[in-house]
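What the coordinates show
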Amino acid sequence: MDISNKVREIVADITNNRLSDIDENSGAATTDGWDSVAQINIIASIEMEFGQTFSAEEMQSLDSIQKLIPAIKSHFPQKVA
Amino acid sequence: MTYEELKHFARRHRTLKDIYHAHRLFATLGDSEAGWIRSAKVALLTSYTTDFIIPLLQTELAISDVRCEVYKPGFNQFRQEILNGRSGLYEFQPDVSIMAFGLEDIIPDAVAKFPMLSDAERQRHKGEVLELCESLVENYTASAASSILFIQNLAVPFATFDPLVRDGRGIDGFVAEVNTGLQGIARRHSNTYVMDYARLVATVGAGHWTDSRTYYTARMPVSQENWLAMAEMYGKYVRGALNMDVKCVVLDLDNTLWGGVLGEDGLDGIAVGDTYPGNVFRRFQEYLLSLFAGGYILAISSKNDHDDVIDVLRGHPGMILREEHFAAIKANWKTKAENIREISQEIAITPDQMLFIDDNPVEIANVSAAIAGMRCLHLQSPPLNFQKQIEEARCISKLTLTEEDRDRGRQYSDERKRREFKAKISSVEDFYRDLKQRLTIHVDHEPHRARIAQLSQRTNQFNMATLRLSEADVGRMLASSDYLLLTADLEDRFGSSGTVVYAQVRKLERSWEIENFLMSCRVLGRGVEDSVMDFVFAEANKAEVEAVFGTYIPTKKNKPFADFYCRCGFEEVEASGSGEKRFGRKVIDHVPRARFVELSVA
């Protein structure tokens, strides 16, 4: 599964949305259930899933699919370029 | 995924992503698709964010067939909610509540300036914390008397400073004193227990417990890495509160209790003793012995020659577990399913309350296919992890040890000796006569309060109305003059069986109502229930009431005893569509029925 799908799945499970309702435009501002608690859960799941660590600032600011995916990729440039 | 597949998935996939996924799928299952056995309302009363744990706890309990509903007051509202008897918390009617606070939230200034505090100030702060806690517990137990309250003990606050040398004056000493105080509070209030959070933190490692990023951005003391461990601990305590443990563990022998195969390697060749790998099995036996001491019944199902096994149990110098620790020893060449069915009958414990463990996956597959509801655990190599695998099977979660628990294993082992004795004696009558049974009846006996609650929770078969009681419920009836609570202790030539009968009688002016009558199944068929019933009528006669009534409410498990009141000479006076029946008998009509029991009143 590619990164984008995995992230969408995580977001859908945590925000309690259908996978088909989560696309590259989804984010805390536009998606039901993506509140501050969900934000922490999403980051925690992504960190565990992809084995990486964001900064405290990133944990708060990476609050949309469009911000999350490049951030995940930038931590693994050689593997998933 | 089906419900069972989903449970399996959630057991095996221990990452946040997968557990959130499982949580969502559990939520989409209809009631007919899900196999919930219990439901539990859990309130989280915490001074810090615990939102993270809700889906994880619900999934954790779903694995054990518990549908869990969670209530959580608004941020830092937990004190107000506990103190206000009409708050949302009490409206929710929790079965279990978990109260947790961090020192940083309760006495932030004192924590911040801790090294500056004088001894007197430290004492004052300790008093302040414990008084607050005690008043919360008092209010809680007054408003939610029949629920169980866990107080989470404290870990040393994150990023505080202590000198290297421990002299008791550092913050760690302060935390230890508060934790001791919390235990005192729990002892003073019924249905209140300390949850050992500090131990979990220590097990994981304090340095890995908190993630400074989420600590500072979201006031979260638990790192996301440890959320699952936290949910597992909460789950364990909730299962303990719901009394969901297995009662009996059925053990394989070869490569489970010892290394090697007895039939091939012989008594001298099997590995159990002081040196590796025998010491691994020895320690595993010590763990099983601690279960035995905790009231879990042990039994053996092994493909071996019976005499060889007895030789090892009696004579192998490295063994920890001996004959006297087992309620049944089935070492033969029958299928394990057959043996387990026999064990189940002999010790009167149903398979769904038994855990079968074996290192052989074929045996596990056969038994779980043959016996519905049987819990089976395939122990995977290496044996180094056997104990951990049992702990992870979510079958063992006892809150406290009663005297009865400590003694239970011996009673079952005595019972095995009784069966062996019975097999040697020609007539059943002779057997009972030679058994020399003595029954001691206690009336409104306060020291039996915990045992009554435990019997009401644990007894499923011979239980007329299946009224589950908390200790507080029992306490109220003991204090009331409207009730007569009878308990009976049984003894015979093989030893004591402890308190085995409980009868709850409500005294009305002209008649008595037996609201519930229950008996521990391990003394079935020995006439004990008749003796207690005779006693009820004798007392009713003294009190000059006209009649005694009794109620039977059917459950999945108590049907074999539906005719108990009829056997005692009662007649059916009322029946409802749901199968509930009420029976009655005039006091003057009663003829004593007990035959082989010598009765005395304490």
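Just above, that's the structure.
Residues numbered from 1 in each chain as written. Chains lettered and ligands numbered in written order. Predicted model: local features only at pLDDT ≥ 70, side-chain atom pairs only at ≥ 80, totals over all residues. Heavy atoms only, no water.

1. Thoughts on the overall build of chain A
To keep things clear, this is the line we draw: Strands are runs of DSSP state E lasting at least 2 residues, helices are runs of H or I lasting at least 4, and numbering of each runs from the N terminus. Between the two quantities, the radius of gyration covers C-alpha atoms and the globule rule is 2.2 Å times the number of residues to the power 0.38. We call a residue buried when its accessible area falls under 20% of the maximum for its residue type, exposed when it is over 50%, and partly exposed in between, using a 1.4 Å probe and counting protein chains only. Should any heavy atoms of two residues lie within 4.5 Å, those residues are considered in contact. As used throughout, the charge tally considers Lys and Arg to be positive and Asp and Glu to be negative, leaving His and the chain termini uncounted. For the purpose of locating charges, the reference atoms are NZ of Lys, CZ of Arg, CG of Asp and CD of Glu.
In terms of helices and strands, chain A carries 5 helices and 0 strands. Counting helices and strands in the order they occur from the N terminus, chain A gives α-α-α-α-α. A compact globule built from 81 residues should have a C-alpha radius of gyration of about 12 Å, and chain A, at 12 Å, falls within 12% of that. For chain A, the C-alpha atoms occupy an extent of roughly 35 × 25 × 20 Å along the three principal directions. Evaluated residue by residue, chain A yields a buried proportion of 47% over its 81 residues. Expressed as a percentage of contacts within chain A between residues at least 6 apart in sequence, the contacts between residues at least 24 apart total 49%. For chain A, the centre of its 6 positive side-chain charges and the centre of its 13 negative side-chain charges are spaced 7 Å apart.

2. A look at the packing of aromatic side chains
Each aromatic ring pair is described using two quantities: the centre-to-centre distance and the angle formed by the ring planes. Residues and elements named next belong to chain B. Here is the rule we go by: Two aromatic rings from Phe, Tyr or Trp, using only the six-membered ring of Trp, form a pair when their centres are within 6.5 Å; if the ring planes differ by under 30 degrees the pair is stacked, by over 60 it is edge-to-face, and anything between is tilted.
Applying the stated rule across the entire model yields 28 aromatic pairs over all chains. Between the aromatic rings of Tyr-3 and Phe-26, the centroid separation amounts to 6.1 Å while the plane-to-plane angle is 75°, which identifies the pairing as edge-to-face. Linking Tyr-3 in helix 1 (residues 3-12) with Phe-26 in helix 2 (residues 16-28), this pair joins segments that are 23 residues apart in sequence. Judged by relative accessible area, which is 7%, Phe-26 ranks as buried. Aromatic pair Phe-421 and Phe-494: ring centres 5.3 Å apart, planes at 65°, arrangement edge-to-face. Of this pair, Phe-421 sits in helix 20 (residues 403-424) while Phe-494 sits in the loop between strand 12 (483-492) and strand 13 (495-507); the two residues are 73 residues apart in sequence, bridging distant segments of the chain. Take Phe-421: its relative accessible area is 16%, and that puts it in the buried class. The class of Phe-494 is partly exposed, set by a relative accessible area of 22%.

3. Remarks on the nonpolar core
As a reminder, the rule being used: Buried residues of nine kinds, namely Ala, Val, Leu, Ile, Met, Phe, Trp, Tyr and Cys, make up a nonpolar core once their side-chain atoms join them within 4.5 Å.
Core analysis: the biggest nonpolar cluster contains 72 residues, and Val-7 and Ile-46 of chain A together with Val-42, Trp-227 and Tyr-234 of chain B have the highest contact counts within it. Of all the elements, helix 13 (residues 227-241) of chain B adds the most residues to this core, at 9 residues.

4. A few points about the sheet that holds strand 12 of chain B
Residues and elements named next belong to chain B. Heads up, the condition is: In this scheme, strands are said to pair when DSSP sees at least two bridges between them. Axes here refer to lines fitted to C-alpha atoms; in helices the fit is confined to the stretch in contact. Angles between the N-to-C directions go from 0 to 180 degrees.
Ordered in space as 16-17-15-14-13-12-11-18, the 8 strands form an open sheet in which the pairing is mixed. Among the strands making up the open sheet, the edge pair consists of strand 16 (571-575) and strand 18 (597-601). The average angle at which neighbouring strand axes cross in this sheet is 30°, direction not considered. Pairing geometry for strand 13 and strand 14 (residues 511-519), over 7 bridges, is antiparallel. Bridge assignment links Val-505 to a residue of strand 14, and that residue is Ile-514. Sitting on the sheet, helix 20 touches strand 12 and strand 13, and the angle it makes with strand 13 is about 110°.

5. A few points about the sheet that holds strand 6 (residues 248-251) of chain B
Residue and element names in this part refer to chain B. On the basis of which strands lie adjacent, the open sheet formed by 5 strands has the order 8-7-6-9-10 and parallel pairing. The strands lining the two open edges of the sheet, one partner per strand, are strand 8 (326-332) and strand 10 (375-378). The average undirected angle you get between the axes of adjacent strands in this sheet is 15°. By the bridge criterion, 4 bridges tie strand 6 to strand 9 (residues 354-358) in an arrangement that is parallel. When the bridges of strand 9 are listed, Cys-248 appears paired with Met-354. Against the sheet, helix 16 (residues 306-315) makes contact with strand 7 (297-303) and strand 8, and its axis sits at roughly 135° relative to strand 8, the strand it touches most. With respect to the sheet, helix 18 (residues 361-370) is in contact with strand 7, strand 9 and strand 10, its orientation differing from that of strand 10 by roughly 170°.

Remember, this is a structural readout, not a statement about activity or role.
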